[in-house]
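Working through the structure, step by step
What follows is each chain in one-letter form.
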Amino acid sequence: MIKEAISDAEDRMKGAIRSLEEDFGGIRTGRASPALVERLEVRYYDTPTPLMQLATISAPEPRLLTIRPFDASTLKDIERAILASDLGLTPGNDGKLIRLPIPPLTEQRRKDLVKVVHHRMEEARVAVRNVRRDAHNDLRDFEREKLISEDDLKRGETDLQKLTDKYIALIEEAGKRKDAEIKEV
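Residues numbered from 1 in each chain as written. Predicted model: local features only at pLDDT ≥ 70, side-chain atom pairs only at ≥ 80, totals over all residues. Heavy atoms only, no water.

1. Describing the environment of glutamate 41
In plain terms, the rule: Secondary structure elements are taken from DSSP: a helix is a run of H or I of four residues or more, a strand is a run of E of two residues or more, and numbering for both begins at the N terminus. A 1.4 Å probe rolled over the protein chains alone gives each residue an accessible area, and that area as a share of the maximum for its type sets the label: buried under 20%, exposed over 50%, partly exposed in between.
In this structure, glutamate 41 sits in strand E1 (residues 41-44). A residue is classified by how much of its surface remains accessible, and glutamate 41, at 45% relative accessible area, is partly exposed. For the pair glutamate 41 and leucine 51, spaced 10 residues apart in the sequence, the C-alpha separation amounts to 6.2 Å.

Structure representation (structure tokens):
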């Protein structure tokens, strides 16, 4: 029963890490990455649709993204969505595809992005701690219902804390990687 609760908690903690990695993919660095725009919401027939469902996104050069829509009529909608986003990029349109040049980051923009990274890391840490709290409450309920002994509860709490520490360390590691990526000139 304890193993089940801890296994469930671990799955949920992995989900928090996955979510953090996806968030980090959308944070702009000096290099072109399709992850930067693939989740961008585009109004397609008045329905918000992720860009990756409407176009092929590629990075032919280190500082250039190309977006080739499957349907040429969506070109203007995609362009509008990019301009409306907080990416700070200006699309170039040649009628068939959109070119997105990625300018080098200014020092101020780097500092702002580092703050965003730290904020997202804190959100992930809070998510992991919430999972720990839920699992801990489940273990206490098991003990109250006499399904496990007090010693089993203590062992389960220790295992749960080790698991939490491991995932907090993974969040820190991911944050440091993204931090270095942003600060890289």
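2. Side note on the pairing of strand E6 (residues 98-101)
Two faces make up the sheet, and in a regular strand the side chains alternate between them. Note the following rule: Should DSSP find at least two bridges between two strands, the strands are taken to pair.
Side chains Ile98 and Leu100 project from E6 onto a buried face, and the interleaved Arg99 and Pro101 project onto a face without burial. Relative to E6, strand E4 (residues 64-69) is paired through 4 bridges, and the arrangement is antiparallel. Note on E6: the bridge partner recorded for isoleucine 67 is isoleucine 98. Judged from the 2 bridges that link them, strand E5 (residues 92-93) and E6 form a sheet pairing that is antiparallel. Paired with asparagine 93 across the strands is isoleucine 98, a residue of E6.

Interpretation in functional terms is not warranted from these geometric data alone.
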